[in-house]
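Structure assessment
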Protein chains: 4
Amino acid sequence: MLTINGKQFKSRLLLGTGKYPNFDIQKKAVEMAESEILTFTVRRMNIYEPSQPNFLENIDIDRVSLLPNTAGAKTAEEAVRHAKLARASGLCDMIKVEVIGCNKTLLPDPIETLKATEELLKEGFTVLPYTSDDVVLARKLEELGAHAVMPGASPIGSGQGIINPLNLSFIIEQSKVPVIVDAGIGSPTDAAYAMELGADAVLLNTAVSRAKDPVKMAKAMRLAIEAGRLGYEAERIPKKRTATASSPMEGMSI
Amino acid sequence: MLTINGKQFKSRLLLGTGKYPNFDIQKKAVEMAESEILTFTVRRMNIYEPSQPNFLENIDIDRVSLLPNTAGAKTAEEAVRHAKLARASGLCDMIKVEVIGCNKTLLPDPIETLKATEELLKEGFTVLPYTSDDVVLARKLEELGAHAVMPGASPIGSGQGIINPLNLSFIIEQSKVPVIVDAGIGSPTDAAYAMELGADAVLLNTAVSRAKDPVKMAKAMRLAIEAGRLGYEAERIPKKRTATASSPMEGMSI
Amino acid sequence: MLTINGKQFKSRLLLGTGKYPNFDIQKKAVEMAESEILTFTVRRMNIYEPSQPNFLENIDIDRVSLLPNTAGAKTAEEAVRHAKLARASGLCDMIKVEVIGCNKTLLPDPIETLKATEELLKEGFTVLPYTSDDVVLARKLEELGAHAVMPGASPIGSGQGIINPLNLSFIIEQSKVPVIVDAGIGSPTDAAYAMELGADAVLLNTAVSRAKDPVKMAKAMRLAIEAGRLGYEAERIPKKRTATASSPMEGMSI
Amino acid sequence: MLTINGKQFKSRLLLGTGKYPNFDIQKKAVEMAESEILTFTVRRMNIYEPSQPNFLENIDIDRVSLLPNTAGAKTAEEAVRHAKLARASGLCDMIKVEVIGCNKTLLPDPIETLKATEELLKEGFTVLPYTSDDVVLARKLEELGAHAVMPGASPIGSGQGIINPLNLSFIIEQSKVPVIVDAGIGSPTDAAYAMELGADAVLLNTAVSRAKDPVKMAKAMRLAIEAGRLGYEAERIPKKRTATASSPMEGMSI
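By the naming in an unreviewed UniProt entry, chain A is Thiazole synthase, taken from Cerasibacillus terrae. What UniProt records for chain A under Catalytic activity (unreviewed entry) is the sentence "[ThiS sulfur-carrier protein]-C-terminal-Gly-aminoethanethioate + 2-iminoacetate + 1-deoxy-D-xylulose 5-phosphate = [ThiS sulfur-carrier protein]-C-terminal Gly-Gly + 2-[(2R,5Z)-2-carboxy-4-methylthiazol-5(2H)-ylidene]ethyl phosphate + 2 H2O + H(+)". UniProt, in the comment section headed Sequence similarities (unreviewed entry), describes chain A in these words: "Belongs to the ThiG family."

**Regarding the overall build of chain A**
Per the secondary structure count, chain A includes 8 helices and 10 strands. Computed over the C-alpha atoms, the radius of gyration of chain A is 19 Å, within 12% of the 18 Å expected from 2.2 N^0.38 for a compact globule of 254 residues. Restricting the contact set of chain A to residue pairs at least 6 apart, pairs at least 24 apart contribute 65%. Summing over all exposed atoms, chain A offers an accessible surface of approximately 9100 Å²; the carbon and sulfur share of this is 47%.

**Points about the relation of the copies chain D and chain A**
Overlaying chain D with chain A gives an RMSD of 0.0 Å, the required rotation being 180 degrees about an axis along which the chain moves by 0.0 Å. Considering both components of the superposition, the chain copies are consistent with a two-fold axis. No C-alpha of chain D approaches the rotation axis more nearly than that of Lys-239 of chain D, which lies at 7.3 Å. Mapped onto chain A, 100% of the interface residues of chain D are again interface residues, and the two copies thus contact each other with one and the same surface.

**A look at the packing of helix 6 (residues 188-196) of chain D against helix 8 (residues 214-234) of chain D**
Residue and element names in this part refer to chain D. Axis separation between helix 6 and helix 8 bottoms out at 7 Å; the angle between their running directions is 25 degrees. It follows that helix 6 is roughly parallel to helix 8 by the angle criterion. The two elements helix 6 and helix 8 cross, and the hand of that crossing is right-handed. On helix 8, the residues touching Pro-188, Ala-191, Ala-192, Met-195 and Glu-196 of helix 6 are Met-217, Ala-220, Met-221, Ala-224, Ile-225, Gly-228, Arg-229 and Tyr-232. A per-class count over the contact of helix 6 with helix 8 returns 10 nonpolar, 1 polar and 2 charged.

**A short note on the UniProt feature "binding site: 1-deoxy-D-xylulose 5-phosphate" (unreviewed entry) in chain A**
All names here are of chain A. Sequence positions flagged by UniProt for "binding site: 1-deoxy-D-xylulose 5-phosphate" (unreviewed entry) are, in local numbering, Gly-157, Ala-183, Gly-184, Asn-205 and Thr-206. Across 50 residues, the annotated set stays spatially compact, with a maximum C-alpha separation of 9.3 Å. Tracing the backbone shows Ala-183 in the loop between strand 9 (180-182) and helix 6 (188-196). Taking the relative accessible area as the measure of exposure, Ala-183 reaches 9% and is therefore buried. With near-sequence residues (within four places) excluded, Ala-183 lies in contact with Tyr-130, Gly-152, Ala-153, Ser-154, Ile-156 and Leu-203. Here Gly-184 lies in the loop between strand 9 and helix 6. Each residue touching Gly-184, except ones within four places of it in the same chain, is listed here: Ser-154, Pro-155, Ile-156, Gly-157, Ser-158, Gly-159, Gln-160, Gly-161 and Asp-190.

**Examining the interface of chain B and chain A**
Taken together, the 66 residues of chain B in the interface contact 66 residues of chain A. Both faces considered, chain B and chain A share a buried interface measuring about 5600 Å² in area, 61% of it formed by carbon and sulfur atoms. The tally of links from chain B across to chain A stands at 6 salt bridges. In this structure, the salt-bridge partner of Lys-212 of chain B is Glu-235 of chain A, at a minimum N-O distance of 3.5 Å. Linking chain B to chain A there are 22 residue pairs in polar contact (both at pLDDT 80 or more). Residue assignment for the side of chain B that touches chain A shows that the elements contributing at least two residues are helix 2 (76-88), helix 6 (188-196), helix 7 (206-209) and helix 8 (214-234) of chain B. No other element matches the 12 residues that helix 8 of chain B contributes to the side of chain B that touches chain A. Of the residues belonging to the side of chain B that touches chain A, the class tally is 27 nonpolar, 20 polar and 19 charged.

**Overview of the pattern of salt bridges**
Residue and element names in this part refer to chain A. Enumeration according to the criterion identifies 56 salt bridges over all chains in this entry. The closest approach of N and O atoms between Lys-28 and Asp-24, which form a salt bridge, is 3.2 Å. With Lys-28 and Asp-24 both in helix 1 (residues 23-33), this residue pair falls 4 residues apart, about one helical turn. When its relative accessible area of 43% is taken as the criterion, Lys-28 is described as partly exposed.

**Section: the pairing of strand 4 (residues 37-41) of chain A**
All names here are of chain A. A large share of strand 4 lies buried, amounting to 5 of its 5 residues. The two faces of strand 4 match: Ile-37, Thr-39 and Thr-41 on one face and Leu-38 and Phe-40 on the other face are all buried. Note that strand 3 (residues 13-16) and strand 4 share 3 bridges and pair parallel. Looking across to strand 4, one finds that Gly-16 is bridged to Thr-39. Crossover strand 3 to strand 4 through helix 1 is right-handed. Sheet topology note: the strand 4/strand 5 (residues 65-69) ladder contains 5 bridges and is parallel. The partner of Thr-41 across the bridge, within strand 5, is Asn-69.

**Digging into the relation of the copies chain B and chain A**
Of the transformation superimposing chain B on chain A, the axial component is 0.0 Å and the angular component is 180 degrees, with the fit at an RMSD of 0.0 Å. Interface residue correspondence from chain B to chain A reaches 100%, placing this contact among same-surface, isologous pairings.

**Describing helix 8 (residues 214-234) of chain C**
The terminal C-alpha atoms of helix 8 of chain C, which comprises 21 residues, lie 30 Å apart, in line with the 30 Å expected from a rise of 1.5 Å per residue. Of all the 21 residues making up helix 8 of chain C, 16 are buried; the element is thus mostly covered by neighbouring parts of the structure.

**Remarks on the environment of Asn-5 of chain A**
Residues and elements named next belong to chain A. Along the chain, the position of Asn-5 falls in the loop between strand 1 (2-4) and strand 2 (7-9). Linking Asn-5 and Asn-22, residues 17 residues apart in sequence, is a C-alpha distance of 33 Å. When residues no more than four places from it in sequence are discounted, the contact partners of Asn-5 are Thr-126 and His-147. Within the structure, the side chain of Asn-5 is placed 2.7 Å from the side chain of Thr-126, a separation counted as a polar contact.

**Description of the interface of chain D and chain A**
The interface is formed by 6 residues belonging to chain D together with 6 residues belonging to chain A. Here chain D meets chain A over a buried area of about 460 Å², counting both sides, of which 45% is carbon and sulfur. At the surface where chain D touches chain A, the tally comes to 2 salt bridges. Of the charged contacts, one joins Arg-241 of chain A and Glu-173 of chain D as a salt bridge, the two residues approaching to 2.5 Å between their closest N and O atoms. Between the two partners, chain D and chain A, sit 4 residue pairs in polar contact (both at pLDDT 80 or more).

**Side note on the environment of Asn-164 of chain C**
Looking at the secondary structure, you find Asn-164 of chain C in the loop between strand 8 (150-151) and helix 5 (165-174). For the pair Asn-164 of chain C and Gly-186 of chain C, spaced 22 residues apart in sequence, the C-alpha separation works out to 15 Å. Not counting residues up to four positions away in its chain, the partners in contact with Asn-164 of chain C are Ile-163 of chain A together with Asp-133 of chain C. There is a polar contact of 2.8 Å between the side chain of Asn-164 of chain C and the backbone nitrogen of Asn-167 of chain C.

**A look at the confidence of the model for chain A**
All names here are of chain A. Per-residue confidence for chain A averages 90 on the pLDDT scale, and 91% of its residues sit at or above 70. Here residues 250-254 is modelled with pLDDT under 50, and outside its nearest four sequence neighbours on either side it reaches 8 contacts, counting other chains as well. Interface confidence for the predicted complex, expressed as ipTM, amounts to 0.91; the pTM equals 0.92.

**Comments concerning unusual backbone geometry**
Trans is the common state for peptide bonds, and a negative phi is the common state for residues other than glycine. Residues and elements named next belong to chain C. Even without being glycine, Asn-5 reaches a positive phi, approximately 50 degrees. Phi is positive for Lys-19, which is not a glycine, with a value near 65 degrees. Structurally, the position occupied by Lys-19 is in the loop between strand 3 (13-16) and helix 1 (23-33).

**Digging into the side chain of Ser-65 of chain A**
Residues and elements named next belong to chain A. By the element assignment, Ser-65 lies in strand 5. Owing to a relative accessible area of 10%, Ser-65 belongs among the buried residues under this scheme. Side chain to side chain, Ser-65 and Lys-7 meet in a polar contact 3.0 Å long. Aside from chain neighbours lying at most four places away, what touches Ser-65 is Lys-7, Phe-9, Glu-36, Ile-37, Leu-38 and Met-94.

**Here we look at the environment of Ile-171 of chain C**
All names here are of chain C. As for its position among the elements, Ile-171 is in helix 5. For the pair Ile-171 and Gly-152, spaced 19 residues apart in sequence, the C-alpha separation works out to 11 Å. If near-sequence neighbours (up to four positions away) are discounted, Ile-171 is found in contact with Asp-133, Asp-134, Val-135, Ala-138, Val-149, Pro-151 and Val-179.

About the cut-offs
Residues numbered from 1 in each chain as written. Chains lettered and ligands numbered in written order. Predicted model: local features only at pLDDT ≥ 70, side-chain atom pairs only at ≥ 80, totals over all residues. Heavy atoms only, no water. UniProt positions renumbered as here; feature names shortened; annotations may be inferred. Helix = DSSP H or I, 4+ residues; strand = E, 2+ residues; numbered from the N terminus. Rg over C-alpha atoms; globule rule 2.2 N^0.38 Å. Contact = heavy atoms within 4.5 Å. Areas by Shrake-Rupley, 256 points an atom, 1.4 Å probe, with all protein chains shown as cover. Least-squares fit on C-alpha atoms with pLDDT ≥ 70 in both. Axes fitted to C-alpha atoms, helices over the stretch in contact; angles between N-to-C directions. Parallel < 35°, antiparallel > 145°, perpendicular 65-115°, else oblique. Left-handed = near helix turned anticlockwise from the far one by under 90°. Nonpolar A, V, L, I, M, F, W, Y, C, P; charged D, E, K, R; others polar. Buried < 20%, exposed > 50% of the residue type's maximum accessible area, 1.4 Å probe, protein only. Buried area = accessible area lost by both parts, 1.4 Å probe. Salt bridge = Lys/Arg side-chain N within 4 Å of Asp/Glu carboxyl O. Polar contact = N/O pair within 3.5 Å; in protein donor to acceptor, adjacent residues only side chain to side chain. Pairing = 2+ DSSP bridges. Right-handed = clockwise from strand over helix to strand, strands pointing away. Expected span 1.5 Å × (residues − 1). pLDDT = per-residue confidence, 0-100.

Here you go:
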C-alpha cells in the first residue's frame, strides 16, 4: 500500500488529467488506470468557480483523491496562492508543488520549491513537491516535512524515461516518505523501471493522454507499475558480465 | 495471440524449467507465469527414459506445450540428435535449436545453428532457433523456414537485458514469423522493453528461477509482458529533447 | 582559450592533486597533463602554515594557477573559512566551492553552495562552485555572479562518467560563464564526451591519480579533452537510425 | 604498433575516402588524420582503368597502404571479383571484405562473408573482413585465417557509436589478430571508447567526411584514438556506485 500522510492507496499510479483527446477518453483512461489519485492544474481548472463547467464532472469524486498542482507558478508565492485556491474548493487538502524555473526544460526551481513547501506545510497542507533528482535537495524537502518527494525522471512531457537511475536510487534509499517518480515517463518500460528501482509510485500524464490509444496505454501503465513493484519485491538476479547456463551440464552424458 | 506454425497461444511468456530451488517452487512459478510453452533441456531430462523420474510429473501436460531445447550441443549433429530424442518421447514436435559456440559467453554458433535448423525442418520439426542478434542471420533462418526466430538480448543468465535494441527492432521489422526474445532478460523492465519494441514473445528462465522469490517474479514477468505488449499496441509518445507542458498555460489568467 | 574572470588558459584540463601514489608521480602527471589550473583541498594542505612541508614544493607555481577547494566543508560558513585560509597564503584568489550534503554520495548541498558562493563573491573571490546537474540551480549560481559553474558528471571518485548528458547540455546552453565538468569522470572517453557536449573544461583527479599508470593516463586525458573540443568545433554528423553508404553505388556498374 | 599480416603501422586510424565535399578537403583530412591505411571502394574507383582520373592522384601512395573494399558486393563471388580487380592494379594486396546482406541496414551477410574470406585467403590476399559483432562468427573468421576482424559498432554511416560494448569486448578478448572497429563511429568519443575497450584500431569514413569541418574532425579522431589507446594501456579506475573522496579527510582538523 502507498501511504501518504496516513492515507492509504492500493494504486501506485497517479494520473494527470491534461491533454486527452476528449473527456470521454479521459474518463475511460482514468477508469482503466485504476488510479486513486488524480492530478490537475489549479490554474486550468475552474474548481473554485462553481458556475463554470470543469473536468470534475467526469470524475467519480468519491473514488479518487484529488491532487491539484501549481503548474504555471514561477515563484513560491504564486504556488501558495494556487494551493489555497484549490483548497478553497473544499475538494482537497493535498497539493503538488510545482514551481518551474526554466521555460524550455520546465525543470523545477529548487529554491522556490523549498520555500513553497515550507509555507504550505505551515498552512497545514499535505505537500508533495515536484523536484529535480538532486539528492540533497530531496532530503531537504523531506526534512522540512514534505509528505512525499517527487523527483523527475526527465523533462515534463519529454518521454525520455529515467535518465539518471543512480540519483533516483539514492533518493529512494534515503527517503522515509514515499518517492513518487514524476515527469518524463514515456512508456510502460519506464514505469516498470521506476518501480523496480524501489520507487513507491509513479505520476504520469502525457505518456497516457498523448499515446495513440490512451485507454489501452492506461491499462499498460497500470500493469507495468504492478509488474515493477512485484519485481522489486521479488528481488531480481544480479547482472553478470558473462553467461550462466540455465541448465548446467555437469554430470550429463548423452 | 502468438501463433507458431499454426498453433495459437494466449501467453507471450515462454518459461524455462531449470535451476528452481525445488520442484514445488517450480510448479508454482509455472502456474503463476501462466505460460503455455515450457522449455527444458533434452540432455537434462529423462523424458526418453520412462523408468526415470523427471520434471514432467510436476507439469500439467495437457495445459502446456513442451519446447525441448538442445542446450549442451556444440554441433548441428548433436542438436539434431537431441531433437530426435525429445520427439521419441511422443510429447512434443517443437524444438528450440541451441548450438553454443563459446563456453564463456554461451553465445550461439551461427553456422551450426543454420545447419541444425535446416536439417530439423527437413525432418518435419517445428523449429525455433536461438540466435545472436545478427540481423542477416535471423533473416536467413527465417528463409530456411524456421517457425520463429529467437534472438538473444544478452548472454544466457547474465541478466543484462537488451543490449542492442536497434538490431532487435531490425529483426522484428523484417520478420514474418514470430520474434521471441531469448536469453539475457533480467527483470520485468527488460521483458516489458522487449515487448514494447514489438517482439512477439519472451523466453526466460534464470530471471525467474533465481530471483529471491521465483513465484512472485513469475507474476511480475507475466504482467510486464502484457504491459509491454499493450504499450506496443497503444503506440507510445515520441521522445523529445525538451519539455512539453501537460497542462499548457495559453490563455490562462490567475 | 578558456577564460575565467578575465584570465586566459590554453589548457582545458583542470587537475586535482590528491591520492597519487607518490609526489614524483604526481609531479610527472601534472606535467604530462599540461594543466594550467591545479586544485587541492585547503584542509589537507599546509599552505597557510609556512613551517610545514606541502605539496607546492613539487609544483612550478609560476606556470600554474592554484584552485583551492573547500572539500570537507558541510556548511557555507565552513567553506568561507577555508577559502579565506587559502587566500591568506597569498598564492591564490580563486576558490572552488565544495559543500558536501551527503557523506555516502558526496553530492553537493545546493543551499549551502548558493550561500557560500554569494558570500565569497562579496569578499572578492573568483568563485567556481561545484554543483549537481540541477539546471535551474546552475543558472542561479551564474546569476549570483559565479565565474564558472562546475556540474558533476556523477559522484566524486565513482568513475561513472556522464550519467545525464541532457542536463549537462542544458546547463551548457544556458551558461555565459564557463561550464567545467567536475567529478565522476573515469576515462578519456568520458572526458572527450564532456567536451563534445560543449563543456568549456573538465576537472578530474581520481581518474588520473588512481589509474594503474597515472602519468600515461594524464596524457590520455589531455589528448581526449583536445579531441573532444575539436570534435565539438568540427560539428559531428547526426545520428541516424539506419545506414548510409559511405560509398554510394548509384550509377556504378561492374 | 598495429601489425597486420606482419606489416607494421604507427597509426591506429584507418580512414575511408568517400563522400568528402571535394578532393582538396579529402587530401587535407587524410593528412591531418595521419592515417597509414586508406580504404576505398573498388567499384567506385577506376584504379584498374589507368586511362581514367581517380582519387589516387590526390594521395601520396608511398606513404599510405591502400585497403580496397568490396562494398556493393552482395555475394562472395562478387566480393572475390572486386578483390581481384583491385589487386590487378598492382597497388595493393590487402582487401576489406564487405558483403552486404540488407539494403536498409547495410549489415553484413555472415555466410557470404565467411565464403569470400575463405576464398580470398586461398588466393593469397591479406584479408580483413567487415563483420557484425556476432562473437562466434568473428572467431570463425579468425580461424579461417583472416588477418584482422572488423566488427561494426553500429550501421554504416549511422553515427550511433558502439551499441554493444559487451560483444565488442568479447571479440577483443578472444582474438589474436587485430580487432578493427569498423562502421558506426560518429564522434571522437566513440573512437576513444572503441580504443579504451581494447580495440587495435578504428576504421571510419562518414564521421570525418561529413562533419561540418572534415579536416578538424580528422585531427579530433586522431587524438581521440591516441587518447583511447593510452587510456587502455594506463588502465582506468573501476566504476563504483558511490563516491570516494579524492582528498580523504581522515585525521584532518580545522
